[in-house]
Amino acid sequence: MPCKICKEKPVMQLPNSNIKLCKSCFVKYFERKALRTIRKYKLISRKDHVVTAVSGGKDSLSLLHFLNKLASKKIDFKLSALLIDEGIKDYRDGTIEAAKKFCKKNNIKLNIASYKEVTRKTLDGIKKQFPDTIACSMCGVLRRYILNKKSRELKADKLATGHNLDDEAQSIIMNQFRHNIALSARLGPITGVKKDPRFIPRIKPFYFLTEKEVATYAFLNNLMDKFKECTYCTESNRFVVRDMLNDMEAKYPGTKHSIVASFIEILPLLKEKFKDQEIKSCRICKEPCSSEICNACTIMQKIKTEA
Amino acid sequence: MPAVHLERENKTVKVKGLRVKEILKELKINPTTVIITRNNELITDDAELSNKEKIKILPVISGG
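Note that this is a predicted model, so its numbers are computed, not measured.

Draft legend 1. Looking closely at the interface of chain B and chain A. Contacts between the two partners involve 23 residues from chain B and, on the opposite side, 30 residues from chain A. At the junction of chain B with chain A, the criterion picks out 2 salt bridges. Close ionic contact of K20(A) with D46(B) constitutes a salt bridge, the shortest N to O distance being 3.0 Å. Looking at the side of chain B that touches chain A, the elements that each hand over two or more residues are β3 (34–38), β4 (41–43) and β5 (54–59) of chain B. By residue class, the composition of the side of chain B that touches chain A is 9 nonpolar, 9 polar and 5 charged.

Here it is in structure tokens:
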């Protein structure tokens, strides 16, 4: 069956539908859908400085490619990139090079921060020190902490991430499984329960696009990298939930879309419920947090005292 | 028999099926988790192959 729009050779069948699209119609469809998300949820305003979190993998480079196109054609905003080097040998090195190459070619300012400069240790070093702790739980805390702090230092108005529909469906289900509704209130196409100048709002232009659609877009724009798994990924609970949802999706097409669509309907109620929650300042680093000492400083103290 | 290169496992296998959909079923691969290329061009699940053709199966999941 040819492309539904122009009858050319198809490259992709859209999720939960019989519609097939060719290369150029798919790229148009993809970019329109991301732009619709940006407009509907007011993710980017004129003159914003949008810092894009990049790893150098296909998802973040696809986002950077799309935003760069948008900044030069449709919306007048400033774009730069921020890469966090966790220090994972044989995994991150290759993607850092890909990010550098992409940013140089497209004339985008790339800022690099590392776990080493903030915690004095690489993730490999931290994992060696705490072999029984799940690397992903420490890594997630440190990455979010550094991304927020650095993007604020860069005077960002928004921090864009490559999260897609699959990522969001996983986060929603993981929070359900852990009975952590307060954490779900912080999800959505634009994060944050209430405005606070210490928090840079995180925006997700690919929120309603599936991982398969993002990979297709990446392939068509020559941004697909050689597949490589993080050394610590088998420790992640997220990967168990991801496989479970993909199995469900194969049996009951539309499952992931339904999870996210249902969530979007109740999100305003969740934000309302948690809007009065106090945002404190960490006693050590003064960064915003929900307890006396933030999770990142707790990890850093542990690294120091148990060294 | 068509040949299939599995990017994630970095290996090539021979398969009986002549349609992408059948091949994915034969290899027990969930179609929502991969994209498929032939001669470096994307093809859809209903594409048919000849006996001597080679396709690549690329994972869409990110590695970390």
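Once you've had a look at it, read on.
Draft legend 2. Main features of the sheet that holds β5(B). The strand order β2-β1-β5-β3-β4 (chain B) describes an open sheet built from 5 strands, whose pairing is mixed. Lying at the two open borders of the sheet, with one neighbouring strand each, are β2 (11–14) and β4 of chain B. Averaged over all adjacent pairs, the angle separating strand axes in this sheet is 35°, with direction ignored. The sheet contact formed by strand β1 (residues 3–6) of chain B and β2(B) spans 4 bridges and is antiparallel. What sits directly across from A3(B), in β2(B), is K14(B). Relative to β3(B), helix α9 (residues 211–220) of chain A is tilted by about 30°, and along the sheet it contacts β3, β4 and β5 of chain B.

Draft legend 3. Structural view of the packing of helix α2 (residues 58–73) of chain A against α9(A). Residues and elements named next belong to chain A. Direction vectors running N to C along α2 and α9 enclose 65°, while the axes themselves pass 9 Å from each other. By the angle between their axes, α2 is roughly perpendicular relative to α9. α9 is crossed by α2, and the crossing has left-handed handedness. In this structure, α2 contributes K58, D59, S62, H65 and F66 to the contact, and α9 contributes E211, V214, A215, Y217 and A218.

Draft legend 4. Representation of the pairing of β3(B). Residue and element names in this part refer to chain B. Taking burial as the measure, the 5 residues of β3 include 4 buried ones, the bulk of the element. By the bridge criterion, 4 bridges tie β3 to β5 in an arrangement that is antiparallel. Pairing of I35 across the sheet is with L58, part of β5. Judged from the 3 bridges that link them, β3 and β4 form a sheet pairing that is antiparallel. Looking at β4, one finds that R38 is bridged to E41.

Draft legend 5. Spatial organisation of unusual backbone geometry. Residues and elements named next belong to chain A. Residue K42 is not a glycine yet carries a positive backbone phi of 50°. Taking the relative accessible area as the measure of exposure, K42 reaches 65% and is therefore exposed. Its identity as a non-glycine residue notwithstanding, K47 has a phi of 70°, on the positive side. With respect to the helices and strands, the residue K47 is situated in the loop between α1 (23–40) and β3 (49–54).

Draft legend 6. Representation of the packing of aromatic side chains. Residues and elements named next belong to chain A. In this structure the tally under the stated criterion is 7 aromatic pairs over all chains. Plain terms: the ring middles of F30 and F206 are 5.1 Å apart, the flat faces sit at 70° to each other, and that makes the pair edge-to-face. Note that F30 is positioned in helix α1 and F206 in the loop between β7 (202–203) and α9, a separation of 176 residues in sequence. An identical accessibility class is assigned to F30 and F206; each is buried. Here the aromatic rings of F66 and F206 are separated by 5.9 Å at their centres, their planes lie at 50°, and the arrangement is tilted. In this pair, F66 is assigned in helix α2 and F206 in the loop between β7 and α9, connecting sequence segments 140 residues apart. Of the two residues, F66 and F206, neither departs from the other in class, the shared state being buried. Geometry around F274 places K273 over its ring, the cationic atom sitting 5.5 Å from the centre.

What counts and what doesn't
Residues numbered from 1 in each chain as written. Chains lettered and ligands numbered in written order. Predicted model: local features only at pLDDT ≥ 70, side-chain atom pairs only at ≥ 80, totals over all residues. Heavy atoms only, no water. Contact = heavy atoms within 4.5 Å. Salt bridge = Lys/Arg side-chain N within 4 Å of Asp/Glu carboxyl O. Helix = DSSP H or I, 4+ residues; strand = E, 2+ residues; numbered from the N terminus. Nonpolar A, V, L, I, M, F, W, Y, C, P; charged D, E, K, R; others polar. Pairing = 2+ DSSP bridges. Axes fitted to C-alpha atoms, helices over the stretch in contact; angles between N-to-C directions. Parallel < 35°, antiparallel > 145°, perpendicular 65-115°, else oblique. Left-handed = near helix turned anticlockwise from the far one by under 90°. Buried < 20%, exposed > 50% of the residue type's maximum accessible area, 1.4 Å probe, protein only. Phe/Tyr/Trp six-rings, centres within 6.5 Å; stacked < 30°, edge-to-face > 60°. Lys NZ or Arg CZ within 6 Å of the ring centre and 35° of its normal.

Take it as geometry only, folks, not as evidence of what the structure does.
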